[in-house]
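Letter by letter, the chains look like this.
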Amino acid sequence: EKCEDCPDDPPPPPVEDTSGDTISSTSPYDSHPSPNVQISYCTGCRWLLRAAWMAQELLTTFDTELNSITLCPSHPPTAPGGTFTIQLDYDGKDVVLWDRKEMGRFPEMKQIKQMIRDKIAPEHDLGHSGKNEDSKKDPSAPEEAFVELEEMSDDEAEEMRIFFGVM
């Protein structure tokens, strides 16, 4: 059964490589090149599921804007451990969107979606993920003061757990 949303162009015929195995030459969508994302993750840290989930989220959100997402395992000790980077290749530029070691944490999915949207499809509506918290603020309102938080001692933490009934 034909999908009404898919292009009418049939995929190119498979070609044979020198080993005699049949391989596909190109995607039917290659005539419309679009950006590519690469997610590199540490296999020693077992971050495949996180990388795969992020890839699935990006493919679902940018189903027509992205050409591919590649998962690249990093195998310690032959490669650096703790690797988790997200790169975007678009318009001939290769941009690192996120490096866990540099940023000190994993990205929020919302952040990555906004970064990719801003680079490749500014008109793309991300729904609730695309809402910028700053756009909700009254521009005439004064800037909120930065509040520095203090470390809590173990005794204070225990007191708070008792107070809130968390044991």
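This text follows the structure it describes.
These figures come from a predicted structure and were not determined experimentally.

Q: Is there a simple way to think about the environment of Ser68 in this case?
A: Inspection of the secondary structure puts Ser68 in strand S4 (residues 68–74). Judged by relative accessible area, Ser68 falls into the partly exposed class, the value being 24%. Put simply, Ser68 and Leu58 are 10 residues apart on the chain and 9.9 Å apart in space, counted from C-alpha to C-alpha. The contact partners of Ser68, leaving out residues within four places of it in the chain, are Pro35, Asn36 and Val37. One polar contact links Ser68 to Asn36, side chain to side chain, over a distance of 2.6 Å.

Q: What is the right way to read a nonpolar patch on the surface from this model?
A: Nonpolar side chains collect at one region of the surface, where Met152, Met160, Phe163, Phe164 and Val166 lie side by side and expose about 560 Å² of accessible area between them. Within the secondary structure, Phe164 sits in helix H4 (residues 154–164). On the basis of relative accessible area, Phe164 is assigned to the exposed category, the value being 57%.

Q: Would you explain the nonpolar core in this entry?
A: In globular proteins that are soluble, nonpolar side chains generally tend to be buried together. In terms of nonpolar packing, the biggest core is built from 25 residues, with Val37, Ile39, Leu58, Phe84, Ile86, Ile116 and Ile120 touching the most fellow members. Among the secondary structure elements, those contributing two or more residues to this core are strand S3 (36–42), helix H1 (48–61), strand S5 (84–90), strand S6 (93–99) and helix H3 (109–120). Once residues within four sequence positions are removed from consideration, Val37 is found in contact with Leu58, Leu66, Ser68, Ile69, Thr70, Ile86, Gln87, Leu88 and Ile116.

Q: Explain the pairing of S4 here, please?
A: Here S3 pairs with S4 via 7 bridges, running parallel. Bridge pairing links Tyr41 to Pro73 in S4. For the crossover from S3 across H1 to S4, the handedness is right-handed.

Q: Would you take a moment to explain the sheet that holds S3 for this structure?
A: Hydrogen bonds along the backbone pair up the strands of a sheet, which may run parallel or antiparallel. Ordered by their spatial adjacency, 4 strands build an open sheet running S4-S3-S5-S6, and the pairing between neighbours is mixed. Among the strands making up the open sheet, the edge pair consists of S4 and S6. For this sheet the average axis-to-axis angle between neighbouring strands, irrespective of direction, equals 20°. Sheet topology places S3 next to S5; 6 bridges connect them, and they run antiparallel. Residue pairing for S5: Gln38 is matched across the bridge by Gln87. Sheet contacts for H1: S3, S4 and S5; angle to S4, the most-contacted strand, approximately 170°. Docked against the sheet, H3 engages S3, S5 and S6, running at close to 165° with respect to S6.

What counts and how
- Residues numbered from 1 in each chain as written.
- Predicted model: local features only at pLDDT ≥ 70, side-chain atom pairs only at ≥ 80, totals over all residues.
- Heavy atoms only, no water.
- Helix = DSSP H or I, 4+ residues; strand = E, 2+ residues; numbered from the N terminus.
- Buried < 20%, exposed > 50% of the residue type's maximum accessible area, 1.4 Å probe, protein only.
- Contact = heavy atoms within 4.5 Å.
- Polar contact = N/O pair within 3.5 Å; in protein donor to acceptor, adjacent residues only side chain to side chain.
- Patch = residues over 30% accessible without salt bridge, like charges linked within 9 Å, V, L, I, M, F, W, Y side chains within 5 Å.
- Areas by Shrake-Rupley, 256 points an atom, 1.4 Å probe, with all protein chains shown as cover.
- Salt bridge = Lys/Arg side-chain N within 4 Å of Asp/Glu carboxyl O.
- Core = buried A, V, L, I, M, F, W, Y, C linked by side-chain atoms within 4.5 Å.
- Pairing = 2+ DSSP bridges.
- Right-handed = clockwise from strand over helix to strand, strands pointing away.
- Axes fitted to C-alpha atoms, helices over the stretch in contact; angles between N-to-C directions.

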